[in-house]
Amino acid sequence: MTAPDDSMTGPIEEPLGYDPSVVEARWRQRWADLGTHKTDLAHGKKPFYALMMFPYPSAEGLHVGNLFAFTGSDIFARFQRLQGHTVFEPLGYDAFGIHSENFALKVGKHPMELIPSNIRNFRRQLDRAGLMVDWSRSLDTTDPEYYKWTQWVFLQLYKRGLAYKKAAAVNWCPSCKTVLANEQVEGGACERCGATVEQRFLEQWFFKISEFSPRLLENLERLDWSETTKQAQRNWIGRSEGARLRFRVLDPFVDAGSSTVAVTTEMTMADAPEIEVFTTRPDTIFGATYLVLAPEHPLVSVITTPQQQAIVDEYRVRSANQDLITRKTTKEKTGEFTGAYAMNPATCALIPIWVADYVLMEYGTGAIMAVPGHDERDFEFATKFDLPIVRVVAGEGQNAHTPFAGAAFVGDGTLVNSQQFEALPVSSAKRVLTEWLEAMHAGKAVTNYRLHDWCISRQRYWGPPIPIIYCDSCGTVPVPEDQLPVVLPNIPDFKPDDSGVSPLARHEEWYRVPCPTCGAKARRETDVSDTFLDSAWYFLRYPSVGRNDVAFDAETTKRWLPVTTYIGGNEHAVLHLLYSRFITMVLHDMGLLDFEEPFTKFRAHGLIIREGAKMSKSKGNVVNPDDYIDQWGADAFRTYLMFLGPFEEGGDFRDAGISGVKRFLDRLWASVRDCSTAGAPDVEVMRKLAATIKKVGEDTPSLSYNTAIAAMMEYMNTLRRGERTAHRAEVEPVVQLVAPFAPHIAAELWEMLGHIESVFDSQWPTYDATLLVSDTIDLIVQVGGKTRGKLVVAKSITQDQALAAATADPAIGKFITGEPKKVIFVPGRLLNVVV
RNA sequence: GCGAGAGUGGCGGAAUUGGUAGACGCGCAGGACUUAGGAUCCUGUGCCGCAAGGCGUGUGGGUUCGAGUCCCACCUUUCGCACCA
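If you're wondering where the values come from, they're calculated on a predicted model, not measured in any experiment.

### Concerning the sheet that holds strand β21 (residues 475-478)
Phase 1 of the analysis: Taken together, the four strands give an open sheet; going across it, the order is β21-β20-β23-β22, and neighbouring strands pair in antiparallel fashion. Whereas interior strands pair on both sides, the edge strands pair on one side only; in this sheet they are β21 and β22 (512-514). Within the sheet, the average angular offset between the axes of one strand and its neighbour, ignoring direction, is 40°.
Phase 2 of the analysis: In this structure, strand β20 (residues 468-471) lies alongside strand β23 (residues 521-524), joined through three bridges in antiparallel fashion. Looking across to β23, one finds that Y470 is bridged to R523.

See below:
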C-alpha cells in the first residue's frame, strides 16, 4: 500500500479518507448484486442456522434494542462463516397481533395498509445495519402464504386431539376489548394497556400443552440455554411433588354433636361425596383443621347446607364478578362456612368445610386441606375466622405445646401431635404419611404441574382465522387442508366491540359457508389465533420459504434444523420459547420432525438502557438508529453497541462513547492504507497480534463482544505506538478480526489489500502459538502479603534464586527487613516473603 | 414473600484455578501540529500525600502467606414469579 498524496486529498478536510457513508453504500450494493448473503441451503458445507427473534414491525420503526439484538446475532453468524460454516441467517416479521391492531385503531388506518408500509420502513433500516440476512427467505406472518401453514399447524394439533374447545373463565380487558391469556395479565392488569382485567365466561380453543409438562421440564436439562431462561421455564412449569388426599364429606345432621366419627356412620359415608385436595405437605395431615374449596368448585353447591346456602351463593357471585386483579392481589382473606363437615382421615375428627377465594380453581384440585399451624395463608385465614390451629411440627427447641408467635411455623422439624408418627422428621414423614394414607385408600402420591393449557382463541380481527367450521349435523369440522388458507377478509370495521365476539362474526358473507363434509349450511369459527402460534413454528418455515406445497420440506429441514443458535430477549423466556418447544414436540411425535427440541443453543441478550431506564417511548429516551448511522456509519454504530457492555447483560447507551469506536475504525483504516511490505514485521508486535487473534477468537463465540473489541483496540494502540507505520503482516489479519463487527469497512479494506474474494469467505486468521510462549515471566513479589513489585526473570527460576533476586532488588529488598519466616513460591507467578 | 442476577475510579465497564485491581473506551489535564481546534497525534489520569508511604472493589465479620474472587450475616438494586396449597 502506498499512502495517497496528502497534499492532493487535503488531510485537513479528510484526514483519513474513510467515509463510512460511501463505503457502506458501496458494499450494500455489492453484496446485493453478488448475492453474498444468500445461503446455498442444498449444498453448503457445515450448515449453521443462526436465528434471531424476529421483530414486530412497529410504525415507529426499528429501535436500538432491536438493532442491538440483531447485531449481536449477526456478529455471531459472521464469525461462524469465517470459521468455515455455511451460515443461514434469516429474518422476518411478526406482524399479526394486538400491537398492530391497536396501533391501527389509534391512527385510524387499516392494518392491511399499515403493516406493509411498516415492513418497508423496517427493511430500509435493517438494510443499513449491515446484517448478513438472506432476504430471499424472509417471511411475514400476515402473508396468507405463511398463515396458511399456521392454520395447518392448528389442524395437526386438532388431529392429534391436542386442540379442544371449552368454556372458561377468561381474562377480559375492557379497554382492548379482548380476552387475554393468563400470561398476558400482569398482576391482574392488562400487560398492554394496564387496564383492570375482568372475568368473562367464553368458549375458547385450547392446546393441551399441560400434557407435555414433564417432558418440557426434563428436556431442559439437555439444552444449552442461558441458565436464567431455563430457570424461568422451570418456575413456569412449576412441578411440585405431594399427594392427593380424599376427605369424606359427612352429613352434618347425623353427626351432629359428635366430635369424632364412629364406625356406625359408615352407611352415611358410603354415599357422601368426597373432596380431593392436593398438598405438598401430607406430613401435616394431623394438623388439617378445616378444608377450603375454591368458589368455583363444583362440590360447593352439593355440600352447602340450607342454612348457609344464601350466604355462600352470595359469596360465590361476588368472587365471580370480581375482577381478577383484586382477587389475585388482595391478600386480605375472605370466605364463608358451607355448613358441611369432612372427616380428617388421620385424626378422624370432623373438620369444617369453607369456601374462600384464596384457593384457586385452576391449580391442583381447586380444594385444599388447611393446616394453619404450618402454612402462612391458612394461619391468616384461621386467625381471622377463629378456626383451630394445631401444631404438628416442632422445630429446633420447640415441642408439641410451643405456642405460635403470631405466625405459622413453616420450617423444618419433627412431627408432634401426630399419634404413631411422633418425632418423625418432616423429610421422611412426607413419604411415610403418604404411604399410610395410601394404605387407607385416602390418598396417593402425585406430581402436580402449574402449567395450564394454552388458550389460543382471540376475539379479535388481526390474526389468522382458526380453521374450523361448525355444522348443525356434523358438529365441529376442521377445514380440509387443501382448502387452506382461510383468508382473513379485508373488512373496514375491524374494531372489536363489547359483545365478546370477533369482528369477523359481524360478517355473515364471510362466515356462512357450506359444511365441507355434508354441504349443509354451516358457519366458520370467527375467532383468530394467538400471535404466539405464528411465532411458535416460524423457524421451521425459513429454510422452506417458497415451498407452497408443504409447511416445511423434509429434506431441507433435516439438513438445517434444529436451529444451531438462537438469540433473543429474555422477555420471551417463558411463552414464546415454551410454545415453540411444545409445537416442535407435537410435530416430532407425529413423525414430521426428527428432533423434539427446536433450539439447540439459546442465549438471551441484555437490554439497552439509557439515562437509567429501559428505552421506551413513554420515557422519552429512545434513540433513532438512523441518526447515529448517518453521523457515524453503521460499522461504528454496530461496534459501539457491542462495546458498551457484555452482550448478555445489555448496556448503558450514552452518545459520548461512540467517538472512541469511530476513532478505532479510523486508525484501522489509516494503518491499512499506510501499511508497507518493506522489511520484516516487528516481533513484539506480532507477539501481541498472536495474543489478539487468540483472544478475539475466544471472546467472539462466547458473546464477550465488549472484551473482543477492547482487545482489538489494545492491539491498534500497540501497532501505532509512537506513530509507527504498520507492516502489512501486522495489520492484515485485523481486518478479518474486525469483519464480524464492522463488515463494510472490513470488506473495503480487504479489497484495498488486493483480495478478490470476500473477507467473509477468507478463513479466520491463524497465529503462531510459539510466539505466545516466552522464556521470561513477570514474577510478582509480595512481602508479608503486600505486593511490592515485579521482577522480569527466567521462566525456570527456582525459589532460592527468586528470593535472592528479590532481596537484591533495592525497591523490594528494603521491605525484607529480617530473616524470612516463611516463603510462598508459586512457580512462574509469584513470590511471597513473610518476615 | 419466593427465585435468579448485580453492587469495582468522575462515567460505561475489565480482571483464568484466590496471586500487580481498574484492561479498553468516554471524560478530564498537559503537550505537539496548527490562523484556528469541538479534527488528528503524543503523554498523564483510583483516592490522600511534596515525598516516603498509606488507603482502596456496597457494609460488618471470617478463612488464607495473599480475597473483587471463597464462607457467614446484612444493606442496596435489577429482573422474573407471585394466595400455586
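Having seen it, we continue.
### Some thoughts on helix α2 (residues 20-34)
Phase 1 of the analysis: Given a rise of 1.5 Å per residue, 15 residues ought to cover 21 Å, and the 21 Å separating the end C-alpha atoms of α2 matches this to within 8%.
Phase 2 of the analysis: A positive phi of about 65° marks G35, the residue just after α2.

### With respect to the packing of aromatic side chains
Phase 1 of the analysis: Considering all chains together, one arrives at 51 aromatic pairs under this definition.
Phase 2 of the analysis: Measuring from ring centre to ring centre gives 6.0 Å for W149 and W152, while their planes differ by 75°; the resulting arrangement is edge-to-face. Taken as a pair, W149 and W152 lie in helix α6 (residues 144-159) at a separation of three residues, close to a single helical turn.
Phase 3 of the analysis: Under the relative-accessibility criterion, W152 is labelled buried at 10%.
Phase 4 of the analysis: Taken together, a centroid distance of 5.7 Å and an interplanar angle of 15° make the contact between F286 and W436 stacked. Remark: W436 occurs in helix α14 (residues 426-439) and F286 occurs in the loop between β10 (274-279) and β11 (290-293); sequence separation between them is 150 residues.

### Some details on the protein's contact with RNA strand B
Phase 1 of the analysis: The environment of RNA strand B is formed by 55 residues, the closest being T280, Y363, R377, R829 and N832.
Phase 2 of the analysis: Taking the atoms of RNA strand B that fall within 4 Å of the protein, sugar and phosphate contribute 64% of them.
Phase 3 of the analysis: Within the contact set of RNA strand B, a sugar or linking oxygen lies 3.4 Å away from a side-chain nitrogen or oxygen of R654.
Phase 4 of the analysis: Between a phosphate oxygen of RNA strand B and a side-chain N or O atom of R663, the distance comes to 2.4 Å.

### So, the sheet that holds strand β33 (residues 830-834)
Phase 1 of the analysis: As summarised here, the arrangement of the four strands in space is β31-β30-β33-β32, forming an open sheet in which the pairing is mixed. Both outer strands of the open sheet, β31 (786-794) and β32 (822-826), are each paired with one neighbouring strand and no more. Mean inter-strand twist for the sheet, computed between neighbouring axes without regard to direction, equals 20°.
Phase 2 of the analysis: For strand β30 (residues 776-783) and β33, the ladder comprises four bridges, and the chain directions are parallel. Looking across to β33, one finds that Q782 is bridged to N832.

### Structural notes on unusual backbone geometry
Phase 1 of the analysis: In this chain, L484 is followed by P485 through a cis amide linkage whose omega measures 0°.
Phase 2 of the analysis: Despite not being glycine, N417 shows a phi value in the positive range, around 50°.
Phase 3 of the analysis: Its location among the elements puts N417 in the loop between β16 (414-415) and α14.
Phase 4 of the analysis: In the Ramachandran plot, A423 falls in the positive-phi region, its phi being about 75° despite a non-glycine side chain.
Phase 5 of the analysis: Examined against the element boundaries, A423 turns out to sit in the loop between β16 and α14.

### Side note on the pairing of β21
Phase 1 of the analysis: Bridging between β20 and β21 involves four bridges; their strand directions are antiparallel. Paired with Y470 across the strands is T476, a residue of β21.
Phase 2 of the analysis: The antiparallel hairpin formed by β20 and β21 contains three residues in its connecting segment.

### Describing the packing of helix α24 (residues 705-720) against helix α25 (residues 728-738)
Phase 1 of the analysis: At a closest axis distance of 12 Å, the pairing of α24 and α25 adopts a crossing angle of 165°. Accordingly, the angle class assigned to the pair α24 and α25 is roughly antiparallel. With respect to the hand of their crossing, α24 and α25 are arranged in left-handed fashion. Together, M712, Y715, M716 and L719 of α24 and E730, V731, V734, L737 and V738 of α25 make up the contact between the two elements.
Phase 2 of the analysis: Residues that form the contact of α24 with α25 fall into these classes: eight nonpolar, no polar and one charged.

### Structural notes on the pattern of salt bridges
Two side chains carrying opposite charge are able to pair once their charged atoms lie near each other.
Phase 1 of the analysis: Evaluation of the coordinates by the stated rule reveals 44 salt bridges.
Phase 2 of the analysis: Between D589 and R215 there is a salt bridge, with its nearest N and O atoms 2.8 Å apart. Note that D589 is positioned in helix α19 (residues 575-589) and R215 in helix α7 (residues 213-218), a separation of 374 residues in sequence.
Phase 3 of the analysis: Between D553 and R547 there is a salt bridge, with its nearest N and O atoms 2.7 Å apart.
Phase 4 of the analysis: Shared partners join several salt bridges into a network, and the residues in it are R26, R30, E748 and E751.

### Here's the deal with the confidence of the model for chain A
Phase 1 of the analysis: On average, residues of chain A score 86 in pLDDT, and 92% of them are at 70 or above.
Phase 2 of the analysis: Predicted confidence is poor over residues 1-15, with pLDDT under 50, and the contacts of this stretch with residues over four places away or in other chains come to 11 contacts.
Phase 3 of the analysis: Reported confidence for the predicted complex is 0.93 by ipTM and 0.90 by pTM.

### Description of the packing of helix α21 (residues 634-643) against helix α26 (residues 743-752)
Phase 1 of the analysis: Interhelical geometry of α21 versus α26 gives an angle of 125° and a closest axis separation of 7 Å. Taken together, α21 and α26 sit at an angle that is classed as oblique. Of the residues in α26, those in contact with A634, D635 and R638 of α21 are P743, H744 and I745.

About the cut-offs
- Residues numbered from 1 in each chain as written.
- Chains lettered and ligands numbered in written order.
- Predicted model: local features only at pLDDT ≥ 70, side-chain atom pairs only at ≥ 80, totals over all residues.
- Heavy atoms only, no water.
- Pairing = 2+ DSSP bridges.
- Helix = DSSP H or I, 4+ residues; strand = E, 2+ residues; numbered from the N terminus.
- Axes fitted to C-alpha atoms, helices over the stretch in contact; angles between N-to-C directions.
- Expected span 1.5 Å × (residues − 1).
- Phe/Tyr/Trp six-rings, centres within 6.5 Å; stacked < 30°, edge-to-face > 60°.
- Buried < 20%, exposed > 50% of the residue type's maximum accessible area, 1.4 Å probe, protein only.
- Near = heavy atom within 4 Å.
- Polar contact = N/O pair within 3.5 Å; in protein donor to acceptor, adjacent residues only side chain to side chain.
- Parallel < 35°, antiparallel > 145°, perpendicular 65-115°, else oblique.
- Left-handed = near helix turned anticlockwise from the far one by under 90°.
- Contact = heavy atoms within 4.5 Å.
- Nonpolar A, V, L, I, M, F, W, Y, C, P; charged D, E, K, R; others polar.
- Salt bridge = Lys/Arg side-chain N within 4 Å of Asp/Glu carboxyl O.
- pLDDT = per-residue confidence, 0-100.

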